[in-house]
Amino acid sequence: MHKKKIASVTLLATAALLTACGQNKGASSSKQVMKTAVTGEISTLDSSKYGDTISSETLQNSMEGLYRFDKKGQARLAGAVKVTKSKDQKVYTFTLRKNAKWSNGDPVTAQDYVIAWRRTVDPKNDSLDSDSYQVIKNGTDIVAGKKKVSSLGIKALGKYKLQVTLENPIQYLPDLLTGAQFYPQDTKIVKKYGSSYGTSSSKLVYNGPFTVSQWTGSNLKWTLKKNKTYWNAKSVSLSAVKVQVIKTTSTGLNLYKGGQLDYAPVDSDYVKQYEKNADYHTKTTPTNGYMVFNLKRKTTGNVHVRRAISLGVNKQELVKTVLHSGKAAQGFVASDFIYDENGKDYRTSAGKLMTYNLKQAQKEWALAKKQLGKSKITIELLTSDMDASKRVGEYLQSNLMENLPGLTVKLRSIPLKSRLADTSKHNFDMVYGTWQPSFQDPIDYLTIGGLFNLESDYKNSTFWKEINQAKSTYATQPAKRQASLIAAEKQLIQKDAFVAPLYQAGVSYLLKSKVTGFRLSPYGTVAYYWDVKIK
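Residues numbered from 1 in each chain as written. Predicted model: local features only at pLDDT ≥ 70, side-chain atom pairs only at ≥ 80, totals over all residues. Heavy atoms only, no water.

*Asks:* Sorry, what's going on with the overall build of the protein here?
*Replies:* Scanning the protein from terminus to terminus reveals 19 helices and 21 strands. Since a compact globule built from 535 residues should have a radius of gyration of about 24 Å, the 24 Å found for the protein is in line with a globular shape. Dimensions of the protein, computed from the C-alpha atoms along their principal axes, are close to 85 × 55 × 45 Å. Counting only residues that meet the buried cut, the protein has 56% of its 535 residues in that class. Across the protein, contacts joining residues at least 24 apart in sequence account for 68% of those joining residues at least 6 apart. In the structure as shown, the protein presents an accessible area of about 23200 Å², 50% of it carried by carbon and sulfur atoms. Looking at charge distribution, the protein has the averaged site of its 79 positive side-chain charges lying 5 Å from that of its 43 negative ones. (Helix = DSSP H or I, 4+ residues; strand = E, 2+ residues; numbered from the N terminus. Rg over C-alpha atoms; globule rule 2.2 N^0.38 Å. Buried < 20%, exposed > 50% of the residue type's maximum accessible area, 1.4 Å probe, protein only. Contact = heavy atoms within 4.5 Å. Areas by Shrake-Rupley, 256 points an atom, 1.4 Å probe, with all protein chains shown as cover. Lys, Arg positive; Asp, Glu negative; His and termini not counted. Charge placed at Lys NZ, Arg CZ, Asp CG, Glu CD.)

*Asks:* Looking at this structure, how should I read the packing of aromatic side chains?
*Replies:* Geometrically, a pair of aromatic rings is defined through the distance of the ring centres and the angle of the planes. Counting across every chain of the model gives 21 aromatic pairs. Relative to Phe 518, the ring of Tyr 263 has its centre 4.9 Å away and its plane inclined at 40°; by these criteria the two rings are tilted. Of this pair, Tyr 263 sits in strand 11 (residues 263-266) while Phe 518 is found in the loop between strand 18 (515-516) and strand 19 (519-520), placing the two residues 255 residues apart along the sequence. Accessibility classification places Tyr 263 together with Phe 518 in one group, the buried group. Relative to Tyr 529, the ring of Phe 518 lies with its centre 5.9 Å away and its plane at 55°, an arrangement referred to as tilted. A residue pair is termed long-range when its members are at least 10 positions apart, and Phe 518 in the loop between strand 18 and strand 19 and Tyr 529 in the loop between strand 20 (527-528) and strand 21 (533-534) qualify at 11 residues. No difference in accessibility class separates Phe 518 from Tyr 529, as the two residues are buried. Taken together, the ring pairs connect Phe 69, Tyr 290, Phe 332, Phe 337, Trp 435, Tyr 445 and Tyr 523 into an aromatic cluster. One residue, Arg 68, lies across the ring of Trp 530, its end atom 4.1 Å from the ring centre. Sitting above the plane of the Tyr 256 ring, Lys 512 keeps its charged end 4.1 Å from the centroid. (Phe/Tyr/Trp six-rings, centres within 6.5 Å; stacked < 30°, edge-to-face > 60°. Lys NZ or Arg CZ within 6 Å of the ring centre and 35° of its normal.)

Put into structure tokens, the structure is as follows:
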């Protein structure tokens, strides 16, 4: 709002104030309500167990960790006010913010970080994001069940003093710690609710800009309310964000046109329809669209099957005819996102891996059929039941069946929460999904990256040797480290086809002009609401 000269508006302002007080005390705050749509449901609000974008978005608006992204997309201290590093750059000591509180009034303490991080790496919690803890001391061994949870490299040195120990020095720790998987959890509330913690909006408390209400655990509407106990609440203008799940793009756009939404995602054929609209916005992101294969099943456990499918999808056509935004994948690590010390794009250095090659795909397919002793092969493709996911699934089905003679692809589209669960339980042949990175480094794509069951199923020694060298031996030698990462990506994508990269996602949406300060995360499609104002 703009300041006005007091002398010229005193009488008018006084009259307006009296009218507002007499008619509706909440007039000002009611204006600061944003109505928005998301394409899928929340799977959980337990930051130790989530594995999807919608849950991540909800958590990132209602929780806060040691760091938070600023308006320029840079990681800045948030839950902490000071950090020091040891000489070997492996031990970080954080001084926590003493005025940070949970929404129930409890102080946010070092122990709240300890309990949350330990829950995430505890194998019995089956966290979908525990791989992120590979950089923390003993994280990998704990997740694998080889060491005690209490040995994780995190320690409370006092009520507001936290020590974090790394396996090896890394440059991207601030970016990594902005992620929801590193948020604290109120120790008292975790103990109170146990295994039901985070299963509904009432079974946890919040320390971020907003609180979450009206989410029962399965419903498709919820509200983000301004968190009055947030240490920086004065900077938050919105009183509420009304969120509803709309899985069909056309429905969301109709609600937007009818004034019932201020923000609506746009995808597929609707991009061309709305790309000249004044409210339309778009950008290419480092988010991946991809397929992962189940190595435990005979058919998809065959490397020639995987290579044939990876090579046999016309990725350019998928982007052009179905997505209408983004670009075809050239590998699993995104392009125009990660650069070396000389400013060269990692993707340029690593080259194009498993791009569309019909001739080679059919050669691999012939080898697959010969090894399996079959002329006809049926494979199930698992997707979520979101409109955009089903559209991509339908394209993959028809394109692969056209390009690989004798292949039948059956689609199974289920709610995202169920899709995540089935993938973790190996209840799939191949699964389509999207994944946005947590930090700007190839290691994130190659060891986390939405690569379900990578640690348990993928045993290639060459790949893991290169990854381990990048993490340890070459941790402070950028050129050698990148060479190892490139070799690892080629092994994973080109030789073994554990995952089939499809596209680098674009994000498109409509946003009312009255909304200012809205932005997306620097890594993908997560919406940030804490700087939003309604004009």
